[in-house]
Amino acid sequence: MAETIETALTAACLAAARQLREAGIETPELDARLLVCHAAGLTHEGLIARDRETPTPEVAARLEAYVARRLQGEPVSRIRGAREFYGRDFLIDRHTLDPRPDTETLIEAALEVVARRGWRTRRIKLLDLGTGTGCILLTLLAELPQANGVGTDMSDGALAVAADNARRLGLEGRARFIAADWLDGVAGSFDLILSNPPYIPSGEIAGLAPEVSAFDPRGALDGGPDGLAAYRRIATRAQELLSPDGVLIVEIGANQAEAVTQLLHAAGLQTSDGAAHDLAGRPRCVLAGLPPGRRRTSQGPKNALGKARCSG
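Please read all numbers here as calculations on a predicted model, not as lab measurements.

Cut-offs and rules
Residues numbered from 1 in each chain as written. Predicted model: local features only at pLDDT ≥ 70, side-chain atom pairs only at ≥ 80, totals over all residues. Heavy atoms only, no water. Phe/Tyr/Trp six-rings, centres within 6.5 Å; stacked < 30°, edge-to-face > 60°. Buried < 20%, exposed > 50% of the residue type's maximum accessible area, 1.4 Å probe, protein only. Lys NZ or Arg CZ within 6 Å of the ring centre and 35° of its normal. Axes fitted to C-alpha atoms, helices over the stretch in contact; angles between N-to-C directions. Helix = DSSP H or I, 4+ residues; strand = E, 2+ residues; numbered from the N terminus. Parallel < 35°, antiparallel > 145°, perpendicular 65-115°, else oblique. Left-handed = near helix turned anticlockwise from the far one by under 90°. Contact = heavy atoms within 4.5 Å. Salt bridge = Lys/Arg side-chain N within 4 Å of Asp/Glu carboxyl O. Core = buried A, V, L, I, M, F, W, Y, C linked by side-chain atoms within 4.5 Å.

A.B. asks: How do you make sense of the packing of aromatic side chains when you look at a structure like this?
C.D. replies: The description of an aromatic ring pair rests on the distance of the ring centres and on the angle between the ring planes. According to the stated counting rule, one finds one aromatic pair in the structure shown. Measuring from ring centre to ring centre gives 6.2 Å for Phe85 and Phe90, while their planes differ by 75°; the resulting arrangement is edge-to-face. What makes Phe85 buried here is its relative accessible area of 1%. Above the ring of Phe190, the side-chain terminus of Lys125 is found at 5.2 Å from the ring centroid.

Here it is, written out as structure tokens:
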């Protein structure tokens, strides 16, 4: 690899792609291009413009190390330390879930709610539970310039990454991140409560693809014995924190729509907005709100912190 890579960046891409293809990697050309760009500090456009340049020995060594990590099953996003989500790059690390394209369905569902209720020009408040990288909250804040929001997580490491992403995107003035166990210690009134909680049943995690089971934090995957533990926690207090016409939107796993809907109904929420479907036509998010005329059981302080600890 080192001998080949010193000819040109184009040859480096081809050599890396060949290695990845022979190892059975699903997208060898794309992965190789991303790794070459990362090793050389180039954008995709920069690589095209400079594809005949000879890599420095440092670039060649970095690329060789990156390819070796990919051959061991480490996702490209983990090697790069970043993942594109809804058109923006988000930093990730070992404390955070690697954002998936499926979660963009939640973003679309939230933006549809905003449009339907005429909230785009209102100063609405968002709450993102289990924020991880902050990609859900920060994407919506970027799309809704009048909104502000709070992201919660139990992991101090994840909260630090989310705060860093907020600064990189210029959203630190409208986003706060607090250490909280789901809704414990959180108070206030929110127009949108959002979450992509862990929903994999504990016994199924070992059977996930190695890129997931070996690299995503277990706490971001493990939904308890039936995969529904986090939904129970969220459902218990969601109605206290929703504004009168607010909406709760949770991402769900395969075949969980009915079970999650029943949990929300049992907690006094209604799901008249139904489910949002992903590009494959599968239910991906369940939407719920307060029944007409029903008041919240607790108004709570307006600062949305309660006993939760502020971070970032």
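There is more to say, and it comes next.
A.B. asks: What's the story with the packing of helix H3 (residues 28-40) against helix H5 (residues 57-71) in this structure? I'm lost.
C.D. replies: Each pair of packed helices can be described by the angle between their axes along with the distance between the axes. Following both chains from N to C, one finds H3 and H5 inclined at 140°, their axes separated by 9 Å at the closest point. Classed by the angle they form, the pair H3 and H5 counts as oblique. Classified by chirality, the crossing of H5 by H3 is right-handed. For the pair formed by H3 and H5, the contact residues are Asp31, Leu35, Val36, His38, Ala39 and Ala40 on the first element and Val59, Arg62, Leu63, Tyr66, Val67 and Arg70 on the second.

A.B. asks: I'm lost on helix H8 (residues 135-143) in this one. Help?
C.D. replies: Since there are 3.6 residues in each turn of an α-helix, residues three or four apart along the chain are aligned in direction. Counting buried positions along H8 gives seven out of nine residues, so the element sits mostly inside the fold. Residues of H8 that are buried include every one of Cys135, Ile136, Leu137, Leu138, Thr139, Leu140 and Leu141, and no others.

A.B. asks: Honestly, the pattern of salt bridges in this entry has me stumped. Any pointers?
C.D. replies: Any two side chains of opposite charge can pair, given that their charged atoms come close. The final tally for this structure, using the stated rule, is 21 salt bridges. Note that Arg100 is salt-bridged to Asp216, the shortest N-O span being 2.6 Å. Taken as a pair, Arg100 in the loop between strand E2 (88-91) and helix H7 (104-117) and Asp216 in the loop between helix H10 (210-213) and helix H11 (229-241) lie far apart in primary sequence, 116 residues in all. Among the residues examined, Asp216 registers a relative accessible area of 5% and is labelled buried. Between Asp184 and Arg233 there is a salt bridge; the shortest N-O distance is 3.0 Å. Separated by 49 residues along the polypeptide, Asp184 in the loop between strand E5 (175-179) and strand E6 (190-195) and Arg233 in helix H11 bring together distant segments of the chain. For Asp184, a relative accessible area of 41% corresponds to the partly exposed category. Looking at Arg233, the relative accessible area reads 33%, which means it is partly exposed. Put simply, Asp102, Glu251, Asp278, Arg282 and Arg284 are held in one network by salt bridges that share partners.

A.B. asks: Any chance you could explain the nonpolar core here in plain terms?
C.D. replies: The tendency in soluble globular proteins is for nonpolar side chains to be buried side by side. Ranked by size, the top nonpolar core spans 36 residues in total, and within it Phe177, Leu192, Leu194 and Ile249 carry the most contacts. Excluding residues that lie within four positions of it along the chain, Ile249 makes contacts with Leu106, Ala109, Ala110, Val113, Leu192, Ile193, Leu194, Ser195, Cys285, Val286 and Leu287. Leu129, Val150, Val212 and Leu228 belong to the second largest nonpolar core, which has 33 residues in total.

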